[in-house]
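Coordinate inspection notes
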Amino acid sequence: MKFLDEVFITARSGDGGRGCISFRREKFIPRGGPDGGDGGNGGDVIFRATRRLVSLSEYGSRTYFRAQNGGPGKGKNRSGKRGADLILEVPLGTTIQDAQTSEVLADLIHDKQEVLLIPGGRGGKGNQHFATPTNRTPRFAQPGIPGQEKKFRLSLRFLADIGLIGLPNAGKSTLLSRLTRARPRVDSYPFTTIDPNLGIMTLEEGSSLVLADIPGLIEGASMGRGLGHQFLKHIERTSLLFHLLDITYQPRNDLIEDFHILRKELEAYNPALMRKPQVVLLNKMDLYGPRHRDIEKVKRAIGQMGLETLSISALTGEGIEELKAMIREKWHGR
Ligand SMILES: Nc1nc2c(ncn2[C@@H]2O[C@H](COP(=O)(O)OP(=O)(O)OP(=O)(O)O)[C@@H](O)[C@H]2O)c(=O)[nH]1
Ligand SMILES: [Mg+2]
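**Here we look at helix H1 (residues 172-179)**
- Burial of H1 is extensive: six of the eight residues sit out of reach of the surface.
- Listed as buried for H1 are Lys172, Ser173, Thr174, Leu175, Leu176 and Leu179.
- Looking at the buried residues of H1, the elements they touch are strand E9 (162-166), strand E10 (197-202), strand E11 (208-213), strand E12 (240-246), strand E13 (278-283) and helix H6 (320-332).

**Things to note about empty space enclosed by the protein**
- Going through the model one piece at a time under the given rule, you end up with one cavity of 30 Å³ or more.
- As a volume, the largest cavity reaches approximately 70 Å³.
- As for the largest cavity, its lining consists of Leu167, Ala170, His243, Leu244, Leu245, Asp246, Tyr249, Leu255, Asp258, Phe259 and Leu262.
- At the level of secondary structure, the elements contributing two or more residues to the lining of the largest cavity comprise E12 and helix H3 (255-269).
- Here the residues of the lining of the largest cavity are counted per class, giving eight nonpolar, one polar and two charged.

**Comments concerning the side chain of glutamate 265**
- As for its position among the elements, glutamate 265 is in helix H3.
- Contact partners of glutamate 265, with chain neighbours within four places excluded, come to Ile218, Glu219, Gly220, Ala221 and Ser222.

**As for the site of ligand 1**
- The immediate surroundings of ligand 1 are formed by 23 residues, with Lys172, Thr174, Phe191, Thr193 and Asp286 found nearest.
- Backbone polar atom of asparagine 169 to an oxygen atom of ligand 1: 2.9 Å apart, as the coordinates give it.
- Between ligand 1 and aspartate 286, the relevant distance is 2.7 Å, taken from a nitrogen atom to a side-chain nitrogen or oxygen of the residue.
- Calculation on ligand 1 without its partners gives an accessible area of 650 Å², and the protein chains cover 91% of this total.
- With respect to the detected pockets, ligand 1 is housed in the second largest pocket.
- Tallying contributions element by element places H1 first for the shell around ligand 1, with three residues.
- Tallied by class, residues from the shell around ligand 1 come to nine nonpolar, ten polar and four charged.

**Thoughts on the layout of surface pockets**
- Here the largest pocket defines a volume of roughly 460 Å³.
- Every residue lining the largest pocket is counted, 20 residues in all, and those nearest its centre are Arg51, Leu198, Gly199, Ile200 and Val210.
- Every element with two or more residues in the lining of the largest pocket is listed here: E10 and E11.
- For the lining of the largest pocket, the element with the most residues is E10, which contributes four residues.
- Among the residues making up the lining of the largest pocket, the classes are represented as twelve nonpolar, five polar and three charged.
- In this structure, the lining of the largest pocket is formed jointly by two domains, domain 1 (1-156) and domain 2 (162-332), each of which donates at least three residues.
- Computed from the structure, the second largest pocket encloses a volume of approximately 380 Å³.
- Lining the second largest pocket are 25 residues, with Asn169, Gly171, Thr174, Val186 and Asp187 sitting closest to its centre.
- Looking at the lining of the second largest pocket, the element that brings in the most residues is H1, giving three residues.
- Split by residue class, the lining of the second largest pocket holds nine nonpolar, ten polar and six charged.

About the thresholds
- Residues numbered from 1 in each chain as written.
- Chains lettered and ligands numbered in written order.
- Predicted model: local features only at pLDDT ≥ 70, side-chain atom pairs only at ≥ 80, totals over all residues.
- Heavy atoms only, no water.
- Buried < 20%, exposed > 50% of the residue type's maximum accessible area, 1.4 Å probe, protein only.
- Helix = DSSP H or I, 4+ residues; strand = E, 2+ residues; numbered from the N terminus.
- Contact = heavy atoms within 4.5 Å.
- 1 Å grid on protein atoms, 1.4 Å probe; cavity = no way out; pocket = protein on both sides within 12 Å on 5 of 7 lines; lining within 4 Å.
- Points joined across faces, edges and corners; volume = space filled by probe spheres on them.
- Nonpolar A, V, L, I, M, F, W, Y, C, P; charged D, E, K, R; others polar.
- Near = heavy atom within 4 Å.
- Polar contact = N/O pair within 3.5 Å; in protein donor to acceptor, adjacent residues only side chain to side chain.
- Areas by Shrake-Rupley, 256 points an atom, 1.4 Å probe, with all protein chains shown as cover.
- Sits in = over half its atoms within 2 Å of the grid points.
- Domains from an automatic or database assignment.

Shown next, in the form of structure tokens:
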């Protein structure tokens, strides 16, 4: 299914069932009183966050949903059935807005978190409630209140702990598949990843972290070049960024310059991204050769900017244990 992080949908709560007009009829009670039951309430429209979903794809084809109507009241004081609620499941990190006013109605961030956004219509009261000393045979009951319809904008920003960023082909997806059970596509051409991926990394003591792999960024990404910028929102909520540098990358022959280009893109998109803790991962160390001697210089320059570096090979696993230890340490230190 196609990855979607923004959709518009319409939902309607259920109508309340109508109240019943009925009179008791029993053998020896010729003129029994009113016994019309109440209509059932219509179902509510509820949004529920679930870890099971990572995209809003389910709302790509179908965009109209409604909760069940309440059943009508019946004789012998029996109430109508309550309409079933409509439960719309969304991935963690989904913001729900009123499509007309843009008002933010909910931001769902916990697994199984629910929010009721349209109450079902109330069922009407049956004529059992309306007998008075002067009117013992009320021939009326309330109709149910109709449900309401509303248009929503759902937008997703991943709730990930760590974001993987870098130029196309830097090895982000390879690293994701090293650290988690996710198996994103990996290939030797740029822009292999066109939709963001999520992976879950389990830490020893049973807790886990979510990693987000977004499409490669290029110069001008914040202005809409390439694919990257539209996905930068998915790393806005992370608390740590891994910036991957491919040590074999050659076009400018200056890794530091490439690094600055991407940092500028992040800053231009949202300065808060730049303030996030960042670790620079020098990737593809398995290809290290005489041509890459300036790596030490690169490390020093990045160190002078106050950033940590780590040399790894996402492909062979070199340095990955150190990387995992660093992640564990950072998470325990919080
Ligand atoms: N030799 C070597 N190759 C690597 C390493 N990491 C990734 N690669 C290769 O580099 C190429 C790109 O890897 P990907 O993981 O697809 O890179 P990406 O950063 O996700 O790329 P985009 O999705 O295009 O942005 C693939 O051919 C990988 O096999 C590494 O540590 N060593
Ligand atoms: Mg990729």
